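Survey of secondary and tertiary structure
Spelled out, the chains give:
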Amino acid sequence: EMAIEGLLAHRIAQLKSSAIRELLKHSKMENIISLAGGIPSDALFDFEGLSQATQLAITEQPKTAFQYGLTEGSGVLRDRIAELCAVRGVKTRGDDIVVTAGSQQALDLIMRSMVDPGDVFVVERPTYLAALQTLELAQAQVMSVSSDADGMVVDELEELLKKQRIKGVYIVPNFGNPSGVTLSYERRLKLIQLAERYGFVIIEDDPYGELRFTEERNPTLFQLAQEQLGSTEYVLYTSTFSKVLAPGLRLGWAILPDWLLHKVAIIKQAADLHASALSQTVAECYLGLGRLDTQIEKIRHAYKHKGELLAQLVEKELGDVITFNQPKGGMFLWAKFRQDDFNTTEWLKKTLEQGVVFVPGEFFFPDNIDHSTLRLSFATATDEQMHEAVARLRRAL
Ligand code: PMP
(Lines give C-alpha, C1' and ligand atoms only; values in the text may rest on other atoms or scores of the structure.)
Protein backbone atom coordinates (compact mmCIF):
# COMPACT_ATOMS: atom_id res chain seq x y z
CA GLU A 1 0.00 0.00 0.00
CA MET A 2 1.51 3.30 -1.07
CA ALA A 3 0.90 6.55 0.80
CA ILE A 4 -0.32 9.40 -1.35
CA GLU A 5 2.89 11.27 -0.39
CA GLY A 6 4.71 8.71 -2.51
CA LEU A 7 3.62 10.83 -5.45
CA LEU A 8 5.89 13.65 -4.32
CA ALA A 9 9.24 14.13 -6.01
CA HIS A 10 12.08 12.69 -3.92
CA ARG A 11 13.89 15.96 -3.53
CA ILE A 12 10.68 17.63 -2.30
CA ALA A 13 9.58 14.91 0.12
CA GLN A 14 12.63 15.63 2.30
CA LEU A 15 11.93 19.35 2.62
CA LYS A 16 10.82 20.80 5.93
CA SER A 17 9.05 24.09 6.49
CA SER A 18 11.46 26.83 7.48
CA ALA A 19 12.00 26.63 11.22
CA ILE A 20 12.20 30.40 11.32
CA ARG A 21 8.74 30.77 9.83
CA GLU A 22 7.40 28.38 12.47
CA LEU A 23 9.06 30.45 15.18
CA LEU A 24 7.76 33.68 13.77
CA LYS A 25 4.22 32.49 14.39
CA HIS A 26 4.93 33.22 18.06
CA SER A 27 6.14 36.69 17.27
CA LYS A 28 2.61 37.62 16.21
CA MET A 29 1.24 36.74 19.65
CA GLU A 30 0.12 39.58 21.85
CA ASN A 31 2.70 41.22 24.11
CA ILE A 32 5.58 39.43 22.48
CA ILE A 33 8.43 41.67 21.38
CA SER A 34 10.14 40.28 18.33
CA LEU A 35 13.82 40.67 17.60
CA ALA A 36 13.44 37.72 15.24
CA GLY A 37 12.05 39.06 12.00
CA GLY A 38 14.33 39.79 9.09
CA ILE A 39 11.95 42.41 7.74
CA PRO A 40 12.51 46.14 7.23
CA SER A 41 10.67 48.66 9.37
CA ASP A 42 7.44 49.78 7.68
CA ALA A 43 7.49 52.85 9.90
CA LEU A 44 10.26 54.05 7.57
CA PHE A 45 8.58 53.30 4.24
CA ASP A 46 8.17 56.31 1.94
CA PHE A 47 4.40 55.87 1.57
CA GLU A 48 4.01 59.35 0.11
CA GLY A 49 6.54 58.69 -2.64
CA LEU A 50 5.24 55.18 -3.26
CA SER A 51 1.71 56.51 -3.53
CA GLN A 52 2.76 59.22 -6.01
CA ALA A 53 4.69 56.67 -8.04
CA THR A 54 1.73 54.27 -8.06
CA GLN A 55 -0.61 57.06 -9.23
CA LEU A 56 1.84 57.97 -11.98
CA ALA A 57 2.19 54.34 -13.03
CA ILE A 58 -1.52 53.75 -13.44
CA THR A 59 -2.47 57.12 -14.91
CA GLU A 60 0.50 57.83 -17.19
CA GLN A 61 1.56 54.31 -18.18
CA PRO A 62 -1.48 52.04 -17.76
CA LYS A 63 -0.71 49.94 -20.80
CA THR A 64 2.81 49.15 -19.64
CA ALA A 65 1.68 48.61 -16.06
CA PHE A 66 -1.08 46.14 -16.88
CA GLN A 67 0.25 44.41 -19.99
CA TYR A 68 2.68 41.46 -20.30
CA GLY A 69 6.31 42.59 -20.45
CA LEU A 70 9.75 41.32 -21.42
CA THR A 71 11.25 38.38 -19.53
CA GLU A 72 14.49 40.23 -18.67
CA GLY A 73 12.48 43.17 -17.34
CA SER A 74 11.44 46.64 -18.52
CA GLY A 75 14.16 48.35 -20.58
CA VAL A 76 13.70 51.66 -18.77
CA LEU A 77 13.92 50.05 -15.34
CA ARG A 78 17.00 48.03 -16.29
CA ASP A 79 18.72 51.24 -17.37
CA ARG A 80 17.74 52.96 -14.15
CA ILE A 81 19.06 50.02 -12.12
CA ALA A 82 22.33 50.26 -14.04
CA GLU A 83 22.54 53.93 -12.93
CA LEU A 84 21.89 52.94 -9.32
CA CYS A 85 24.59 50.29 -9.55
CA ALA A 86 27.09 52.83 -10.88
CA VAL A 87 26.81 54.73 -7.59
CA ARG A 88 27.82 51.51 -5.82
CA GLY A 89 30.86 51.15 -8.03
CA VAL A 90 29.20 48.48 -10.16
CA LYS A 91 29.65 49.55 -13.76
CA THR A 92 27.15 47.72 -15.90
CA ARG A 93 24.60 48.17 -18.67
CA GLY A 94 20.85 47.65 -18.59
CA ASP A 95 21.38 44.80 -21.06
CA ASP A 96 23.38 42.81 -18.50
CA ILE A 97 20.58 42.95 -15.92
CA VAL A 98 17.64 40.62 -15.32
CA VAL A 99 14.84 42.03 -13.16
CA THR A 100 13.50 39.35 -10.81
CA ALA A 101 10.77 38.82 -8.20
CA GLY A 102 13.03 39.91 -5.36
CA SER A 103 16.68 38.91 -5.21
CA GLN A 104 15.41 35.63 -3.78
CA GLN A 105 14.22 34.66 -7.25
CA ALA A 106 17.54 35.74 -8.74
CA LEU A 107 19.28 33.30 -6.37
CA ASP A 108 16.85 30.52 -7.22
CA LEU A 109 17.23 31.00 -10.99
CA ILE A 110 21.02 31.17 -10.75
CA MET A 111 21.18 27.96 -8.71
CA ARG A 112 18.77 26.20 -11.04
CA SER A 113 20.81 27.18 -14.07
CA MET A 114 24.15 26.14 -12.59
CA VAL A 115 23.73 23.22 -10.23
CA ASP A 116 23.79 19.60 -11.32
CA PRO A 117 22.94 17.21 -8.47
CA GLY A 118 26.03 16.82 -6.30
CA ASP A 119 27.90 19.92 -7.54
CA VAL A 120 29.79 21.54 -4.70
CA PHE A 121 28.82 25.07 -3.64
CA VAL A 122 30.52 26.78 -0.73
CA VAL A 123 28.90 29.16 1.74
CA GLU A 124 30.16 31.01 4.80
CA ARG A 125 29.21 29.72 8.22
CA PRO A 126 26.72 31.15 9.26
CA THR A 127 24.91 32.08 6.06
CA TYR A 128 21.55 33.26 4.69
CA LEU A 129 19.04 30.49 5.27
CA ALA A 130 16.96 30.94 2.10
CA ALA A 131 20.07 30.80 -0.08
CA LEU A 132 20.75 27.41 1.50
CA GLN A 133 17.22 26.41 0.54
CA THR A 134 17.78 27.32 -3.13
CA LEU A 135 20.99 25.27 -3.10
CA GLU A 136 19.26 22.31 -1.50
CA LEU A 137 16.35 22.46 -3.95
CA ALA A 138 18.81 22.44 -6.82
CA GLN A 139 20.46 19.41 -5.13
CA ALA A 140 23.85 21.01 -4.65
CA GLN A 141 26.31 19.55 -2.19
CA VAL A 142 26.78 22.43 0.24
CA MET A 143 30.13 22.86 1.98
CA SER A 144 31.00 25.67 4.35
CA VAL A 145 34.00 27.63 5.55
CA SER A 146 34.08 29.61 8.76
CA SER A 147 33.66 33.33 9.07
CA ASP A 148 35.08 35.80 11.60
CA ALA A 149 34.97 39.56 12.18
CA ASP A 150 36.40 40.08 8.65
CA GLY A 151 33.85 37.84 6.95
CA MET A 152 34.46 34.54 5.17
CA VAL A 153 37.86 33.02 6.01
CA VAL A 154 39.10 32.90 2.43
CA ASP A 155 42.30 31.00 3.35
CA GLU A 156 40.08 28.10 4.43
CA LEU A 157 38.38 28.24 1.05
CA GLU A 158 41.77 28.02 -0.63
CA GLU A 159 42.64 24.91 1.39
CA LEU A 160 39.36 23.35 0.30
CA LEU A 161 39.98 24.25 -3.35
CA LYS A 162 43.26 22.33 -3.27
CA LYS A 163 41.41 19.10 -2.60
CA GLN A 164 37.98 19.69 -4.02
CA ARG A 165 36.44 20.90 -7.29
CA ILE A 166 34.02 23.72 -6.45
CA LYS A 167 31.50 25.21 -8.84
CA GLY A 168 30.42 28.25 -6.89
CA VAL A 169 30.70 30.34 -3.74
CA TYR A 170 27.66 32.11 -2.32
CA ILE A 171 28.57 35.11 -0.19
CA VAL A 172 27.00 38.23 1.35
CA PRO A 173 30.06 40.50 1.57
CA ASN A 174 28.31 43.51 3.16
CA PHE A 175 26.58 43.32 6.58
CA GLY A 176 25.62 39.71 6.05
CA ASN A 177 22.45 38.06 7.23
CA PRO A 178 22.82 36.80 9.97
CA SER A 179 26.40 37.71 10.94
CA GLY A 180 26.32 41.44 10.17
CA VAL A 181 30.02 41.32 9.21
CA THR A 182 31.76 42.77 6.18
CA LEU A 183 34.37 40.99 4.09
CA SER A 184 37.73 42.79 4.36
CA TYR A 185 39.44 44.32 1.32
CA GLU A 186 42.29 41.78 1.37
CA ARG A 187 39.87 38.87 1.44
CA ARG A 188 37.80 40.37 -1.37
CA LEU A 189 40.89 40.58 -3.52
CA LYS A 190 41.95 37.06 -2.70
CA LEU A 191 38.48 35.67 -3.36
CA ILE A 192 38.22 37.05 -6.90
CA GLN A 193 41.75 35.86 -7.66
CA LEU A 194 40.84 32.36 -6.48
CA ALA A 195 37.69 32.40 -8.62
CA GLU A 196 39.72 33.15 -11.71
CA ARG A 197 42.51 30.68 -10.87
CA TYR A 198 40.23 27.77 -10.01
CA GLY A 199 37.35 28.63 -12.35
CA PHE A 200 34.34 28.90 -10.04
CA VAL A 201 31.63 31.57 -9.88
CA ILE A 202 31.04 33.92 -6.98
CA ILE A 203 27.41 34.71 -6.26
CA GLU A 204 27.75 38.14 -4.66
CA ASP A 205 24.47 38.80 -2.84
CA ASP A 206 24.30 42.46 -1.82
CA PRO A 207 20.93 43.48 -0.37
CA TYR A 208 22.39 45.47 2.53
CA GLY A 209 25.38 47.31 1.02
CA GLU A 210 23.61 50.68 1.01
CA LEU A 211 22.62 50.40 4.67
CA ARG A 212 26.09 51.45 5.86
CA PHE A 213 26.41 53.18 9.24
CA THR A 214 29.74 54.81 8.32
CA GLU A 215 31.08 56.50 5.21
CA GLU A 216 33.48 53.62 4.58
CA ARG A 217 32.60 51.66 1.48
CA ASN A 218 34.40 48.54 0.33
CA PRO A 219 34.44 47.89 -3.40
CA THR A 220 32.02 45.17 -4.49
CA LEU A 221 33.59 41.92 -5.70
CA PHE A 222 32.11 42.82 -9.07
CA GLN A 223 33.99 46.13 -9.16
CA LEU A 224 37.23 44.54 -7.95
CA ALA A 225 37.01 41.88 -10.64
CA GLN A 226 36.39 44.57 -13.25
CA GLU A 227 39.38 46.63 -12.09
CA GLN A 228 41.84 43.95 -11.06
CA LEU A 229 41.08 41.10 -13.45
CA GLY A 230 39.61 43.09 -16.31
CA SER A 231 36.64 40.70 -16.40
CA THR A 232 33.47 40.00 -14.44
CA GLU A 233 32.93 36.60 -16.05
CA TYR A 234 33.15 34.89 -12.64
CA VAL A 235 31.01 37.27 -10.57
CA LEU A 236 27.21 37.17 -10.45
CA TYR A 237 25.91 40.20 -8.57
CA THR A 238 22.43 40.31 -7.02
CA SER A 239 20.61 43.06 -5.16
CA THR A 240 17.11 44.25 -4.38
CA PHE A 241 14.68 47.10 -3.76
CA SER A 242 13.39 45.25 -0.68
CA LYS A 243 15.60 46.81 1.99
CA VAL A 244 15.81 50.33 0.59
CA LEU A 245 12.31 50.80 -0.82
CA ALA A 246 9.63 48.15 -0.18
CA PRO A 247 9.82 44.34 -0.13
CA GLY A 248 6.17 44.04 -1.16
CA LEU A 249 7.07 45.23 -4.65
CA ARG A 250 9.02 41.96 -4.97
CA LEU A 251 11.68 43.50 -7.18
CA GLY A 252 15.31 42.54 -7.27
CA TRP A 253 17.90 42.01 -9.96
CA ALA A 254 20.91 40.03 -11.10
CA ILE A 255 23.83 41.27 -13.19
CA LEU A 256 24.96 38.30 -15.23
CA PRO A 257 27.63 37.53 -17.80
CA ASP A 258 26.45 36.68 -21.32
CA TRP A 259 27.04 32.96 -20.97
CA LEU A 260 24.50 32.83 -18.13
CA LEU A 261 22.00 35.62 -18.76
CA HIS A 262 20.11 33.94 -21.58
CA LYS A 263 19.88 30.64 -19.73
CA VAL A 264 18.50 32.39 -16.67
CA ALA A 265 15.97 34.17 -18.90
CA ILE A 266 14.79 30.82 -20.28
CA ILE A 267 14.26 29.43 -16.78
CA LYS A 268 12.50 32.64 -15.78
CA GLN A 269 10.11 32.20 -18.69
CA ALA A 270 9.19 28.80 -17.32
CA ALA A 271 8.87 30.15 -13.79
CA ASP A 272 6.77 33.30 -14.25
CA LEU A 273 7.32 34.85 -17.74
CA HIS A 274 8.50 38.10 -16.10
CA ALA A 275 8.46 40.12 -12.88
CA SER A 276 5.23 42.05 -12.18
CA ALA A 277 4.82 44.81 -14.79
CA LEU A 278 2.84 46.89 -12.28
CA SER A 279 5.64 46.72 -9.70
CA GLN A 280 8.26 47.50 -12.30
CA THR A 281 6.35 50.54 -13.54
CA VAL A 282 5.88 51.78 -9.97
CA ALA A 283 9.60 51.35 -9.26
CA GLU A 284 10.49 53.10 -12.50
CA CYS A 285 8.22 56.04 -11.60
CA TYR A 286 9.55 56.10 -8.05
CA LEU A 287 13.14 56.35 -9.27
CA GLY A 288 11.98 59.09 -11.65
CA LEU A 289 10.79 61.12 -8.65
CA GLY A 290 14.38 61.19 -7.39
CA ARG A 291 13.45 60.28 -3.81
CA LEU A 292 15.48 57.11 -3.36
CA ASP A 293 18.69 58.77 -2.14
CA THR A 294 16.86 60.67 0.59
CA GLN A 295 15.01 57.51 1.52
CA ILE A 296 18.24 55.50 1.83
CA GLU A 297 19.75 58.26 4.01
CA LYS A 298 16.70 58.13 6.26
CA ILE A 299 16.86 54.34 6.65
CA ARG A 300 20.63 54.32 7.23
CA HIS A 301 20.29 56.95 9.91
CA ALA A 302 17.42 55.17 11.67
CA TYR A 303 19.05 51.71 11.56
CA LYS A 304 22.37 53.12 12.74
CA HIS A 305 20.63 54.55 15.79
CA LYS A 306 18.76 51.31 16.44
CA GLY A 307 21.82 49.13 15.87
CA GLU A 308 23.89 51.18 18.29
CA LEU A 309 21.14 51.21 20.88
CA LEU A 310 20.69 47.44 20.75
CA ALA A 311 24.46 46.91 20.94
CA GLN A 312 24.65 49.18 24.02
CA LEU A 313 21.77 47.44 25.74
CA VAL A 314 23.11 43.96 25.04
CA GLU A 315 26.55 45.01 26.25
CA LYS A 316 25.14 46.47 29.46
CA GLU A 317 22.57 43.79 30.32
CA LEU A 318 24.11 40.66 28.85
CA GLY A 319 27.77 41.53 28.28
CA ASP A 320 28.84 39.19 31.09
CA VAL A 321 27.41 36.15 29.26
CA ILE A 322 27.38 37.18 25.58
CA THR A 323 29.86 38.52 23.00
CA PHE A 324 28.73 40.06 19.71
CA ASN A 325 29.78 41.78 16.49
CA GLN A 326 29.29 45.54 16.62
CA PRO A 327 26.84 46.20 13.74
CA LYS A 328 28.29 48.55 11.11
CA GLY A 329 25.35 48.30 8.72
CA GLY A 330 22.35 46.18 7.80
CA MET A 331 19.66 44.97 10.19
CA PHE A 332 21.24 42.35 12.45
CA LEU A 333 23.26 41.86 15.59
CA TRP A 334 24.90 38.44 15.73
CA ALA A 335 25.82 37.23 19.19
CA LYS A 336 27.36 34.24 20.93
CA PHE A 337 27.20 32.98 24.49
CA ARG A 338 30.57 32.84 26.22
CA GLN A 339 29.57 29.43 27.52
CA ASP A 340 30.19 27.15 24.49
CA ASP A 341 27.64 24.50 25.43
CA PHE A 342 24.80 27.01 25.85
CA ASN A 343 21.87 26.08 23.59
CA THR A 344 19.93 29.09 22.30
CA THR A 345 17.13 26.97 20.80
CA GLU A 346 16.42 25.59 24.28
CA TRP A 347 16.72 29.06 25.77
CA LEU A 348 14.13 30.40 23.33
CA LYS A 349 11.42 28.52 25.27
CA LYS A 350 12.38 30.55 28.34
CA THR A 351 12.54 33.87 26.52
CA LEU A 352 9.10 33.17 25.01
CA GLU A 353 7.72 32.85 28.54
CA GLN A 354 9.18 36.28 29.24
CA GLY A 355 7.68 37.64 26.01
CA VAL A 356 10.60 38.09 23.64
CA VAL A 357 11.75 36.16 20.56
CA PHE A 358 14.97 36.00 18.54
CA VAL A 359 16.32 33.53 15.99
CA PRO A 360 18.57 30.78 17.40
CA GLY A 361 21.80 30.65 15.43
CA GLU A 362 21.63 26.96 14.57
CA PHE A 363 19.34 27.56 11.57
CA PHE A 364 22.04 29.48 9.73
CA PHE A 365 24.60 26.67 9.75
CA PRO A 366 24.66 24.06 6.98
CA ASP A 367 27.07 22.00 9.15
CA ASN A 368 29.36 22.45 12.18
CA ILE A 369 26.44 24.01 14.05
CA ASP A 370 27.25 26.43 16.86
CA HIS A 371 24.25 26.20 19.20
CA SER A 372 25.50 29.02 21.38
CA THR A 373 24.79 31.70 18.75
CA LEU A 374 21.76 33.88 18.05
CA ARG A 375 20.54 36.60 15.70
CA LEU A 376 18.85 39.73 16.99
CA SER A 377 17.21 42.09 14.52
CA PHE A 378 17.10 45.79 15.40
CA ALA A 379 15.12 46.91 12.32
CA THR A 380 11.54 46.84 13.54
CA ALA A 381 11.42 47.26 17.34
CA THR A 382 10.98 50.77 18.74
CA ASP A 383 13.58 52.13 21.21
CA GLU A 384 11.20 51.48 24.08
CA GLN A 385 10.53 47.92 22.92
CA MET A 386 14.25 47.32 22.57
CA HIS A 387 14.89 48.36 26.20
CA GLU A 388 12.09 46.08 27.35
CA ALA A 389 13.18 43.20 25.07
CA VAL A 390 16.72 43.17 26.43
CA ALA A 391 15.44 43.39 30.00
CA ARG A 392 13.26 40.35 29.27
CA LEU A 393 16.22 38.47 27.78
CA ARG A 394 18.08 39.16 31.02
CA ARG A 395 15.18 37.82 33.05
CA ALA A 396 15.05 34.67 30.93
CA LEU A 397 18.62 33.76 31.91
N1 PMP B 1 19.64 37.84 0.35
C2 PMP B 1 19.73 38.09 1.66
C3 PMP B 1 21.07 38.00 2.32
C4 PMP B 1 18.59 38.45 2.40
O5 PMP B 1 18.71 38.69 3.72
C6 PMP B 1 17.34 38.52 1.74
C7 PMP B 1 16.06 38.89 2.47
N8 PMP B 1 15.91 38.46 3.75
C9 PMP B 1 17.30 38.23 0.37
C10 PMP B 1 18.46 37.91 -0.29
C11 PMP B 1 16.01 38.21 -0.44
O12 PMP B 1 15.31 39.38 -0.39
P13 PMP B 1 14.31 39.83 -1.54
O14 PMP B 1 13.85 38.61 -2.26
O15 PMP B 1 13.22 40.52 -0.83
O16 PMP B 1 15.10 40.72 -2.43
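Notes on the structure follow. (Residues numbered from 1 in each chain as written. Predicted model: local features only at pLDDT ≥ 70, side-chain atom pairs only at ≥ 80, totals over all residues. Heavy atoms only, no water.)

1. Quick look at the packing of helix H9 (residues 185-198) against helix H10 (residues 221-229)
The N-to-C vectors of H9 and H10 enclose an angle of 65°; their axes lie 10 Å apart at closest approach. The orientation of H9 with respect to H10, classified from their angle, is roughly perpendicular. Crossing geometry of H9 relative to H10 is assigned as right-handed. Listed contacts from H10 to Tyr185, Arg188, Leu189, Leu191, Ile192 and Glu196 of H9 are Leu221, Leu224, Ala225, Gln228 and Leu229. (Axes fitted to C-alpha atoms, helices over the stretch in contact; angles between N-to-C directions. Helix = DSSP H or I, 4+ residues; strand = E, 2+ residues; numbered from the N terminus. Parallel < 35°, antiparallel > 145°, perpendicular 65-115°, else oblique. Left-handed = near helix turned anticlockwise from the far one by under 90°. Contact = heavy atoms within 4.5 Å.)

2. Focus: a nonpolar patch on the surface
A grouping of Leu8, Ile12, Leu15 and Leu137 is seen on the molecular surface, where their side chains present a nonpolar patch of about 300 Å² in accessible area. If you trace the backbone, Leu15 turns up in the loop between helix H1 (10-13) and helix H2 (19-27). Look at Leu15 and you get partly exposed, because its relative accessible area is 41%. (Patch = residues over 30% accessible without salt bridge, like charges linked within 9 Å, V, L, I, M, F, W, Y side chains within 5 Å. Areas by Shrake-Rupley, 256 points an atom, 1.4 Å probe, with all protein chains shown as cover. Salt bridge = Lys/Arg side-chain N within 4 Å of Asp/Glu carboxyl O. Buried < 20%, exposed > 50% of the residue type's maximum accessible area, 1.4 Å probe, protein only.)

3. Quick look at the pairing of strand E4 (residues 141-148)
Sheet topology places strand E3 (residues 120-125) next to E4; six bridges connect them, and they run parallel. Residue pairing in the sheet places Glu124 in a bridge with Val145 of E4. Once you follow E3 into helix H7 (residues 129-137) and on to E4, the crossover reads as right-handed. The pairing of E4 with strand E5 (residues 151-152) spans two bridges and is antiparallel. (Pairing = 2+ DSSP bridges. Right-handed = clockwise from strand over helix to strand, strands pointing away.)

4. Overview of the pairing of strand E9 (residues 252-255)
One face of the sheet, then the other: side chains in a regular strand alternate in exactly this way. Because side chains alternate across E9, one face comprises the buried residues Gly252 and Ala254, and the other comprises Trp253 and Ile255, equally buried. Sheet topology places strand E2 (residues 97-100) next to E9; four bridges connect them, and they run antiparallel. The residue bridging Ile97 from the neighbouring strand is Ile255, located in E9. Pairing analysis gives four bridges linking strand E8 (residues 235-240) to E9, with the strands arranged antiparallel. Directly across from Thr238, in E9, lies its bridge partner Ala254.

5. Observations concerning empty space enclosed by the protein
As enumerated under the stated definition, the model contains two cavities of 30 Å³ or more in all. Taken as a whole, the largest cavity holds about 70 Å³ of empty space. Across the lining of the largest cavity, the residue classes tally to nine nonpolar, six polar and one charged. In terms of lining, the second largest cavity is formed by Pro40, Ser41, Leu44, Phe45, Lys243, Gln295, Ile299 and Tyr303. Here the residues of the lining of the second largest cavity sort into five nonpolar, two polar and one charged. (1 Å grid on protein atoms, 1.4 Å probe; cavity = no way out; pocket = protein on both sides within 12 Å on 5 of 7 lines; lining within 4 Å. Points joined across faces, edges and corners; volume = space filled by probe spheres on them. Nonpolar A, V, L, I, M, F, W, Y, C, P; charged D, E, K, R; others polar.)

6. Quick word on the sheet that holds E9
Picture the strands of a sheet paired through backbone hydrogen bonds; they go either parallel or antiparallel. Spatially, E2-E9-E8-E7-E6-E3-E4-E5 is the arrangement adopted by the eight strands of the open sheet, whose pairing is mixed. Because the sheet does not close on itself, it has two edges, and the strands there are E2 and E5. Direction of pairing for strand E6 (residues 168-171) relative to strand E7 (residues 201-205): parallel, over a ladder of four bridges. Bridged to Gly168 within E7 is Val201. H10 rests against E6, E7, E8 and E9 of the sheet, and its axis sits at about 145° to E8.

7. Section: the site of the ligand
Close to the ligand lie 14 residues, the nearest being Ser103, Asp205, Tyr208, Thr240 and Ser242. Measuring from an oxygen atom of the ligand, one finds a side-chain N or O atom of Asn177 at 2.9 Å. Measuring from an oxygen atom of the ligand, one finds a side-chain N or O atom of Thr240 at 2.6 Å. Contact with the protein chains covers 92% of the free accessible surface of the ligand, which is 400 Å². Ranked by the residues each element gives to the shell around the ligand, the list is headed by helix H6 (residues 102-114), at three residues. Residues belonging to the shell around the ligand are distributed by class as follows: five nonpolar, six polar and three charged. (Near = heavy atom within 4 Å. Polar contact = N/O pair within 3.5 Å; in protein donor to acceptor, adjacent residues only side chain to side chain.)

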